[in-house]
Amino acid sequence: MSMSQSKLVRFVTAGNVDDGKSTLIGRILHDSKALLSDQVQSIVNARFGRADAGEMDLAFLTDGLESEREQGITIDVAYRYFTTQRASFIVIDAPGHEQYTRNMVTGASNADIAVVLVDASRIHQGHLKVQTRRHATIAHILGLKIVFAVNKMDLIDWSHSHYQQVEASLIRLSRTLGIEDIDIVPINARSGDNVVHQSAVPSWYQGPCLLQILEQQDKATDFADLPFRFPVQRVVRTNGHTLAAKRGYAGRIASGQIRLGDEVCVATSQQCSRIAKIETYDQILTHAQAGQSITLYTQDDLDIARGDCLTSSDARVTNLVVADLCWLDDQAWQDQQRYILRQGTASTPVRIQTVLHVRDMHDLSQVRGEQALAQNDIALVKLQTQSPIIADEFATNPKLGAFILINVDTNQTVAAGMIRNS
Amino acid sequence: MTHAWRLSHLDRLESEAIYILREAAAQSERPALLFSGGKDSAVLVHLARKAFYPEKLSIPLLHIDTGHNFEEVISFRDKVARSFQDQLIIAYVEESIACGSVRLPSPMASRNGAQAVTLLEAIKQYGFDMLLGGARRDEDKARAKERVFSHRDTFGAWTPKSQRPELWDIYNGRLHAGENFRVFPLSNWTEIDIWSYIVCEQIALPDLYFAHKRAVFKDGPLWRPVTPLTPLPLGKKAETLSVRFRTVGDMTCTCPVESEASDAAAILAETRLCTLSERGATRMDDKVNDAAMERRKKEGYF
Ligand SMILES: Nc1nc2c(ncn2[C@@H]2O[C@H](COP(=O)(O)OP(=O)(O)O)[C@@H](O)[C@H]2O)c(=O)[nH]1
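Residues numbered from 1 in each chain as written. Chains lettered and ligands numbered in written order. Predicted model: local features only at pLDDT ≥ 70, side-chain atom pairs only at ≥ 80, totals over all residues. Heavy atoms only, no water.

### Thoughts on the nonpolar core
Cut-off, in case you're wondering: Buried Ala, Val, Leu, Ile, Met, Phe, Trp, Tyr and Cys residues that are joined via side-chain atoms within 4.5 Å together make up what is termed a nonpolar core. Type-normalised accessible area, obtained with a 1.4 Å probe on protein chains alone, sets the label of each residue: buried when under 20%, exposed when over 50%, and partly exposed for intermediate values. Helical segments are the DSSP runs of H or I of at least four residues, strand segments are the runs of E of at least two, and each set is numbered from the N terminus. Contacts are assigned to residue pairs with any non-hydrogen atoms lying within 4.5 Å of each other.
Of all hydrophobic cores here, the largest spans 82 residues; its most connected members are Phe-11, Leu-24, Phe-148, Val-150 and Leu-210 of chain A together with Trp-168 of chain B. The biggest single contributor to this core is strand E4 (residues 113-119) of chain A, with 6 residues. Those residues in contact with Trp-168 of chain B that sit more than four places away from it in its chain are Ser-109, Asn-110, Leu-142, Phe-394, Ala-402, Phe-403, Ile-404, Ala-416, Gly-417 and Met-418 of chain A. Membership of the second largest hydrophobic core comes to 51 residues, among which are Ala-17, Ala-24, Phe-70 and Phe-210 of chain B.

### Some details on the packing of helix H7 (residues 191-201) of chain B against helix H8 (residues 264-273) of chain B
Residue and element names in this part refer to chain B. Test applied: Interaxial angles span 0 to 180 degrees and are taken between N-to-C directions of axes, which are lines fitted to C-alpha atoms, for helices over the stretch in contact. Note on angle classes: values under 35 degrees are labelled roughly parallel, values over 145 roughly antiparallel, values of 65 to 115 roughly perpendicular, and the remainder oblique. Should the near helix be turned counterclockwise from the far one by less than a right angle, the crossing is left-handed, whereas a clockwise turn marks it as right-handed.
Interhelical geometry of H7 versus H8 gives an angle of 160° and a closest axis separation of 9 Å. Judged on the interaxial angle alone, H8 and H7 are roughly antiparallel. Remark: the crossing between H7 and H8 carries left-handed chirality. Judged by residue contacts, Glu-191, Ile-192, Trp-195, Ser-196, Ile-198 and Val-199 of H7 engage Ala-264, Ala-265, Ile-267, Leu-268, Thr-271 and Arg-272 from H8.

### Digging into the pattern of salt bridges
Applied cut-off: Each salt bridge in this description consists of a side-chain nitrogen of Lys or Arg and a carboxyl oxygen of Asp or Glu lying within 4 Å of one another.
Scanning the model with the defined rule gives 33 salt bridges over all chains in all. Linking Arg-229 of chain A and Asp-392 of chain A is a salt bridge whose minimum nitrogen-to-oxygen distance equals 2.7 Å. Note that Arg-229 of chain A is positioned in strand E7 (residues 229-238) and Asp-392 of chain A in the loop between strand E20 (378-390) and strand E21 (402-407), a separation of 163 residues in sequence. The exposure class of Arg-229 of chain A is buried, given its relative accessible area of 3%. When the shortest N-O distance is used, the salt bridge between Lys-50 of chain B and Glu-14 of chain B registers 2.7 Å. Remark: Glu-14 of chain B occurs in helix H1 (residues 9-26) and Lys-50 of chain B occurs in helix H2 (residues 39-52); sequence separation between them is 36 residues. The exposure class assigned to Lys-50 of chain B is buried, which follows from its relative accessible area of 4%. It is possible to trace a salt-bridge network through shared partners that takes in Asp-19, Asp-119, Arg-122 and Lys-152 of chain A.

### A few points about the packing of helix H5 (residues 130-141) of chain A against helix H6 (residues 160-177) of chain A
Residues and elements named next belong to chain A. At a minimum axis distance of 11 Å, the contact between H5 and H6 shows a crossing angle of 45°. The orientation of H5 with respect to H6, classified from their angle, is oblique. Helix-helix and strand crossings are classified by hand; for H5 and H6 the assignment is right-handed. Between H5 and H6, the residues in contact are Thr-132, Arg-133, Ala-136, Thr-137 and His-140 and Leu-170, Leu-173 and Leu-177, respectively.

### A closer look at the confidence of the model for chain B
Caution applies to low-pLDDT parts of the model: their predicted coordinates are not meant to be read in detail. Residues and elements named next belong to chain B. Here is the rule: The score called pLDDT rates the predictor's confidence residue by residue, from a low of 0 to a high of 100.
Averaged over all residues, the pLDDT of chain B equals 85, while 88% of them reach at least 70. Below pLDDT 50 for its whole length, residues 285-290 participates in 16 contacts with residues either more than four positions away or in separate chains. Reported for the predicted complex are a pTM of 0.90 and an ipTM of 0.90.

### Side note on the state of the cysteines
As a reminder, the rule being used: Cysteine sulfur atoms that come within 2.5 Å of each other are treated as a disulfide pair.
The full count for this structure, using the stated rule, is 1 disulfide over all chains. Considering cysteine sulfurs only, Cys-265 of chain A is the nearest to Cys-309 of chain A, which forms no disulfide, with 11 Å between them. No disulfide involves Cys-253 of chain B; its nearest neighbouring cysteine sulfur is the one of Cys-255 of chain B, lying 7.6 Å away. Since its relative accessible area comes to 4%, Cys-253 of chain B is described here as buried.

### Observations regarding the domain arrangement of chain A
All names here are of chain A. The line we're drawing: Each domain's extent is set by a domain assignment, obtained either automatically or from a database. By definition, the buried area sums, over both parts, the 1.4 Å-probe accessible area that each loses when the two are put together.
By domain assignment, chain A separates into domain 1 (8-215), domain 2 (223-311) and domain 3 (317-421). At the interface, 16 residues of domain 1 touch 13 residues of domain 3. Of the roughly 1,400 Å² buried between domain 1 and domain 3 on both sides combined, carbon and sulfur atoms contribute 68%. If you sort the residues of domain 1 by the area they bury against domain 3, Arg-102, Arg-134 and Ile-141 come out on top, with a joint share of 38%.

### Some words on the domain arrangement of chain B
Residues and elements named next belong to chain B. Note the cut-off: N or O atoms within 3.5 Å of each other form a polar contact, as long as, within protein, one can give a hydrogen and the other can take it, and as long as residues adjacent in sequence are counted only when both atoms are side-chain atoms.
Segmenting chain B into domains produces domain 1 (9-190 + 291-298) and domain 2 (195-287). The C-alpha-based centres of domain 1 and domain 2 are spaced at 23 Å. Contacts between domain 1 and domain 2 engage 29 residues on the former and 30 residues on the latter. When the area that domain 1 buries against domain 2 is broken down by residue, the three leading residues are Lys-39, His-68 and Phe-70, summing to 28%. Summed over the shared surface of domain 1 and domain 2, the result is 2 salt bridges. Its salt-bridge partner being Lys-50, residue Glu-201 comes within 2.7 Å of it at the nearest N-O pair. For the pair domain 1 and domain 2, the number of links is 6 residue pairs in polar contact (both at pLDDT 80 or more). Ranked by the residues each element gives to the side of domain 1 that touches domain 2, the list is headed by H2, at 7 residues.

### Points about the site of the ligand
Residues and elements named next belong to chain A. For clarity, the threshold we go by: Here a residue counts as near a molecule or strand whenever at least one of its heavy atoms sits within 4 Å of it. Note on areas: Shrake-Rupley with a 1.4 Å probe; residue coverage comes only from the protein chains shown. Side-chain classes are defined by residue name, with Ala, Val, Leu, Ile, Met, Phe, Trp, Tyr, Cys and Pro counting as nonpolar, Asp, Glu, Lys and Arg as charged, and the others, Gly among them, as polar.
Around the ligand, the surrounding shell holds 17 residues, and the nearest of these are Asp-18, Lys-21, Ser-22, Thr-23 and Asp-154. At a separation of 3.4 Å, an oxygen atom of the ligand approaches a polar backbone atom of Asp-19. Between the ligand and Arg-190 there is a distance of 3.0 Å, counted from an oxygen atom to a side-chain nitrogen or oxygen. Alone, the ligand offers 580 Å² of accessible surface; in the complex the protein occludes 82% of this. Here the shell around the ligand gets 3 residues from one element, more than from any other, and that element is helix H1 (residues 21-31). When grouped by side-chain class, the residues that make up the shell around the ligand number 4 nonpolar, 6 polar and 7 charged.

As structure tokens, this is what we get:
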């Protein structure tokens, strides 16, 4: 299956209202020839279009739902796909106003890169908007690489000194957050300058255009170099006709690699055995790596059910973790409410012991002592789980280091969590 | 440790779909796979066999039969189910019409919208709590915002505002009684990916998808097939052209495109060059209004 592009770049876009996010996405899809002619027609037909007559309103393309268009707002995360010579892309558009954090966290959890838009014409003396801090903070907490796109450069006549001021503020913000590696790129989303093509960029800018920066990213093989983690999705008991001599464990390798004969352990019970067979519908494998859906058979029978995780022998488990938590639900956290934590395929009852601090988005300071969590809060908390979970830190293993919290009564997914340490 | 390699684009999509299928089955008491006989559902059934191998597919196939199907699609459906001894459940729009839950504006009106009613009746009758479907986010704007696990309330309705946040690849499949999920393992596939996969995996499809000679007549920008349900209108002239269908829905509103592509590889090549999106080219009911799909989804459509 080698006929398609194998490099995959998933990026989420974030920006204040009117910074030009929709225009930028439309521009990228249009200039990379991802737009089909009837979609262009529907932009032209748009009943609620905002563009001047004659000009195509690229933003219209991304404002999907009728109810959204009538209200002039967008309410949900949208996914779009395009391919260039160098990579396949998934563009994740996370719009919203009050719901912003909820949408951005959702979008960011499925992305590798965040393109954070700022409107150059609305930044005076280098004062960034609160939203920009919020976007960068969320992107950073969720482990994304950040690209700042400084938009509407035409409105400041591509002024180098103005751009340098904005650039200095963005670098300062990144340092405050502890981010070292960022990209900053000046663009005009409306005309497309420096988005997909380098056209009309003054000589003071020597760097790559936005699309080139995105094309250079590559996260695809990272997880294969981490320790082996295999959350079991289901136990295979028959061979298609009768009860099988050995049970199989079906799942997708979350991280690491596995080969025949390797030792694996059930993280929570410390039982260990060796790999006897690696199977897929198409073939028997001698070796598999992160991202592959397979069925594993061990030499000795282990007591395994859905929710167990097969790991290399170095995995630790714990009942107590400190974690970053983004509270997404409109119902605030309540101490008496029962919640479940899900990590991989495992579920366990969980309690928030302490809220260590909540972040203030204005100055990024940490407000202590407040035992409350409401929608859009980003906090550091101490959690206690009933059954032990795998103690992987999100920063080193974003697959097992991530979890969600579910309200047992409403069934809503109420929070996104990232393990700091245990 | 062996040096890591990069999974190919299709391998990655296949592995993701298998993962989603297994998550759905594990979190559901009574799942069903929506099988229309179209190319996306043929790919989905193929992936489901892989996901549960070496066990047999224990999920029944559910077909919502509009009574306006092309004959080739029905025979293909029956062949697929028979060859693997799958359980096939058929729910008939005709029955919903007979019992009065579906009222059509005219006998020959498109039944695509009516499928939602029949589907909800089948969900209730059989107690299904998870319906696996082959919809893709690249099909249209309303789909672009669809979750992989898409929650439907006790009325079967999709309410965009109350969709659960879907974080990483952790799918929360918890339900209250009477609610259900639509699960879309092909969410991240494009039309090109589907055809590439059909070529690679040699997946069988109804003959309608491949170029064949057919009597058609011009209707605006579209070619419409001459069928028992869509006879040649007075004053129109039928022509016999080499055509193929890109979707195989209700006969009264599904139109073929001119093509000589007689196998999946040739269709893939044409699709790469094509400038009209799938629904735009062939579905008259989505043409009516850009928001057509959104309205249908809110009513409980797939
Ligand atoms: N002059 C100029 N206007 C822009 C640029 N990018 C976007 N706009 C305009 O800014 C307005 C808001 O853009 P839109 O994409 O709807 O913003 P969103 O709310 O972030 O999605 C629209 O009128 C756009 O045409 C740009 O680079 N230069």
